[in-house]
Amino acid sequence: MASSAKEEAKPKPRLIVRLGVFLASHHILFSAVCCTAGIIALLFLPSLAKNTYLSENALIPGSANTLFSTEDVQEANRFAKGIEAAIGESRGGTTEIPKFIAQQTKNLGAEVYYHEFLPDSKCFHPLKFFTSMTNNMAAKPNGTYTNFGINTVGIIRAPRGDGKEAIVLVTPYNSQKVTPNELLSLALGFSVFSLLSRAAWLSKDIVWLSADSQFGEYSAVSSWLNQYHNPMFLSHPVNLDTKIYGANQILYKPDGTAEKAELMAFKRAGTMAAALIFKVGETRKYGDRDSVTMYAEASNGQMPNLDLLNVVHYLAVNRQGFRVNVETFNSLLSSSWLRVIAEVFQNLGSLLRKINPDWKLDVTVPDYVEGTANLASSMYNQALGVPTGSHGAFRDYQVDAVSLEFAPAFHLKNENAKSSFLLRGGRLTEGVVRSVNNLLEKFHQSFFLYFLTAPSKFISVGVYMIPFALLLAPLPIVAAALAGGSKTKGKLEDECKTKGNADDLQMEGGSWKWLKSARVLLIIQFWAVLVSLLPYYISQIPGAMPIQYAVIWAVLSITILIILYAMFGSPSRAGVEWKLLKATMITSITIGMGLMSIINFATAQLGALILIPMCLFSRPLRAQLEMNFLPRTVLLASNILLTVLGFPPAAFLIMKGLSKGSWTVDIVGDFWLWMEFLWEWSSATYLYVFLVHLPCWLLCIHVLLHPCYQPESKMKQE
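Residues numbered from 1 in each chain as written. Predicted model: local features only at pLDDT ≥ 70, side-chain atom pairs only at ≥ 80, totals over all residues. Heavy atoms only, no water.

**Details of the packing of helix 19 (residues 514-538) against helix 26 (residues 684-704)**
Axis separation between helix 19 and helix 26 bottoms out at 9 Å; the angle between their running directions is 135 degrees. Classified by the angle their axes make, helix 19 and helix 26 are oblique. Along this stretch, helix 19 crosses helix 26, giving a crossing that reads as right-handed. Contacts from V520, L521, I524, Q525, W527, A528, V529, V531, S532 and P535 in helix 19 reach Y686, F690, L691, L694, P695, L698, L699 and H702 in helix 26. Partitioning the contact of helix 19 with helix 26 into residue classes produces 15 nonpolar, 3 polar and no charged. (Axes fitted to C-alpha atoms, helices over the stretch in contact; angles between N-to-C directions. Helix = DSSP H or I, 4+ residues; strand = E, 2+ residues; numbered from the N terminus. Parallel < 35°, antiparallel > 145°, perpendicular 65-115°, else oblique. Left-handed = near helix turned anticlockwise from the far one by under 90°. Contact = heavy atoms within 4.5 Å. Nonpolar A, V, L, I, M, F, W, Y, C, P; charged D, E, K, R; others polar.)

Listed below in structure tokens is the structure:
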């Protein structure tokens, strides 16, 4: 009686505990439901995209009449002809163009100076991921520079400002070979700068950077920004005559020492409120409207404030009649399987709208296909972690910036069409400057975390986190179920052909047995760190081809893994139960995915699509022999397929095939080039591939090949 009374008085477990026990006992069903729901939710994202809107009322785009007129267009044409004449007089030299730009800018009453820079010596270094962005200048031992670039910078001091804020306009051009399109870009930039020099409404300084992009657009802008935010103070004066400086060659006063000091002195404006990079691209061979393509992705998935893109889109479409585009995966636009999915979602959306008219989920097939192609491009560019233009250099300093590439629909020799294009392009640029000039504080109202499905549609962070959360939700439940040795009631699976009851198994898998699997995890993580550092030493080999670098990398990685296993023991020899090994693997991937979602969410999202199904489906091949034919075949095929697709070079092949639309690639050599591309840009995706993805893939291989070890105590009992 007393014992029964005590049992009745014993408090029941809390609801959250009972829910956890229930989910752990049904973790297979729970995992299948969550993963399926996560993939469906990801496919549903284009249907959930919202129309963009302006959150900051102070921007008020288009509220004032533009001042850019045909006179400014004529000035742009005169400027372009002047540059052509300067190019003809230079006879192959590269110093006449900066000289002409500086002279014309100085005639406007603006402050002018030259900024010299050297090409970035992009190379892999183990600590580069954890250091600040700096310009790696490599000079010759004797101190002379034979290969340099010259940026020409003009500054307008705002008549109504206090010099604390500035707006930056950037027009890149290749000084080695100026194309007609770049000539038009410089003419557009100068005409807008000329107009702003006469504007009485300016409250922010205007900086016009004519970026010499002979080493790349990003390099020119990045080196200028680096010196702008990190001034260099020399301990001793530099004798300009002892070195070959480009600015010395373009001074137009032979005896003008004061002018030399003026043009060589680095000048600054206020804190940058925003930056606009614009250039004229190639002429489109189709369409009857000029278009503008917006590039917004910066390093490691950073994006500018959405309000800046909304201002550009509103003024370009509603005021100047441009067609606005964003980057897209053209291969998906003609995909038949994507069209089938679009038709399914269209029918489902129509059905839901009949049930409740407030559910606006129906989307037409063309809109869904285009939205998916744009979403895939936006997600891929963010996951790659490499800027899509020189605007990425501004985001490294937390400055909102966007690159605009104009694509004219006319031949550049058509003077009337070119004048109309310059007029509308100048008014668009002026309108964006007017809106940013109205801001009393930095961009903060709108979104910084979003994906674009169209120039006027976006998916916010609160929506696109749902698929990732659904994919990640089963991991802690499955890890707890495996670590606790949970079994369904009334049934105890005997995958490893061991004898005994559930209590014996729990006793043998005591509270400290997980240390064996943790040791295996630490060995593999240490190996992954060494593999990620190997390219630093392999790249020192001169004259090797990319495929040779990749083969050396693979051979050294396998050799190091064998040595580590010989020193510390492999998982099969360490006596680690596969369930504890899998639980440890799932725990580590949960932590890695969570950290990566903070650094670059797009990388974590795409990685979750590959890694999480592979982790959940992994099961020893020997344990599958006891199953029936159909489930054994399905599980075996799923394990092999997911493991092959989860191998980093294979995952790279899939991503590149979807983005480029071509599957004929040299997977070994291209993988080395891709990794080299990531480490040169200090992309966190490189760290993810080798510190999260690769260890998880290797642990899955160990789980599949696990011999279903029998504990020693069990062997003695038998």
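**Quick word on empty space enclosed by the protein**
The tally for this structure, following the rule as stated, stands at 4 cavities of 30 Å³ or more. The calculated volume of the largest cavity comes to roughly 250 Å³. Forming the boundary of the largest cavity are 17 residues, of which M655, W674, T685, Y688 and V689 lie nearest the centre. Here the lining of the largest cavity is built from residues that sort into 13 nonpolar, 4 polar and no charged. The residue makeup of the lining of the largest cavity includes at least three contributed by each of domain 3 (328-386) and domain 4 (515-718). Here the second largest cavity defines a volume of roughly 70 Å³. Lining the second largest cavity are M294, Y295, A296, E297, L309, V326, E327, N374, S378 and L452. Secondary-structure elements contributing two or more residues to the lining of the second largest cavity are strand 7 (291-295) and helix 13 (365-384). (1 Å grid on protein atoms, 1.4 Å probe; cavity = no way out; pocket = protein on both sides within 12 Å on 5 of 7 lines; lining within 4 Å. Points joined across faces, edges and corners; volume = space filled by probe spheres on them. Domains from an automatic or database assignment.)

**Considering the UniProt feature "transmembrane region" (unreviewed entry) in the protein**
Mapped onto this numbering, the UniProt entry annotates "transmembrane region" (unreviewed entry) at residues 21-45, 461-483, 520-538, 550-568, 633-655 and 685-705. In residues 461-483, the share of helix is 96% and the share of strand is 0%. The end C-alpha atoms are 33 Å apart. Secondary structure across residues 633-655 divides into 96% helix and 0% strand, with the first and last C-alpha atoms of the span separated by 28 Å. (UniProt positions renumbered as here; feature names shortened; annotations may be inferred.)

**Details of the environment of F394**
Mapped onto the fold, F394 is located in helix 14 (residues 391-395). Under the relative-accessibility criterion, F394 is labelled buried at 0%. Here the alpha-carbon distance between F394 and L276, two residues 118 residues apart in the chain, equals 9.9 Å. Once residues within four sequence positions are removed from consideration, F394 is found in contact with V168, V170, V221, L225, M272, A275, I277, V399 and A401. (Buried < 20%, exposed > 50% of the residue type's maximum accessible area, 1.4 Å probe, protein only.)

**Considering a nonpolar patch on the surface**
The grouping of I16, V17, L19, V21 and F22 at the surface amounts to a nonpolar patch, some 490 Å² of accessible area in total. The class for I16 is exposed, based on a relative accessible area of 60%. (Patch = residues over 30% accessible without salt bridge, like charges linked within 9 Å, V, L, I, M, F, W, Y side chains within 5 Å. Areas by Shrake-Rupley, 256 points an atom, 1.4 Å probe, with all protein chains shown as cover. Salt bridge = Lys/Arg side-chain N within 4 Å of Asp/Glu carboxyl O.)

**Things to note about the sheet that holds strand 1 (residues 50-51)**
As summarised here, the arrangement of the 3 strands in space is 1-11-10, forming an open sheet in which the pairing is antiparallel. Each end of this open sheet is capped by a strand with a single partner; those strands are strand 1 and strand 10 (450-454). One ladder, built from 4 bridges, connects strand 10 with strand 11 (residues 457-460); its direction is antiparallel. Counterpart to A454 in the pairing with strand 11 is K457. Where helix 13 meets the sheet, it contacts strand 10 and strand 11, and its direction lies at approximately 145 degrees from that of strand 10. With respect to the sheet, helix 16 (residues 461-472) is in contact with strand 10 and strand 11, its orientation differing from that of strand 11 by roughly 60 degrees. (Pairing = 2+ DSSP bridges.)

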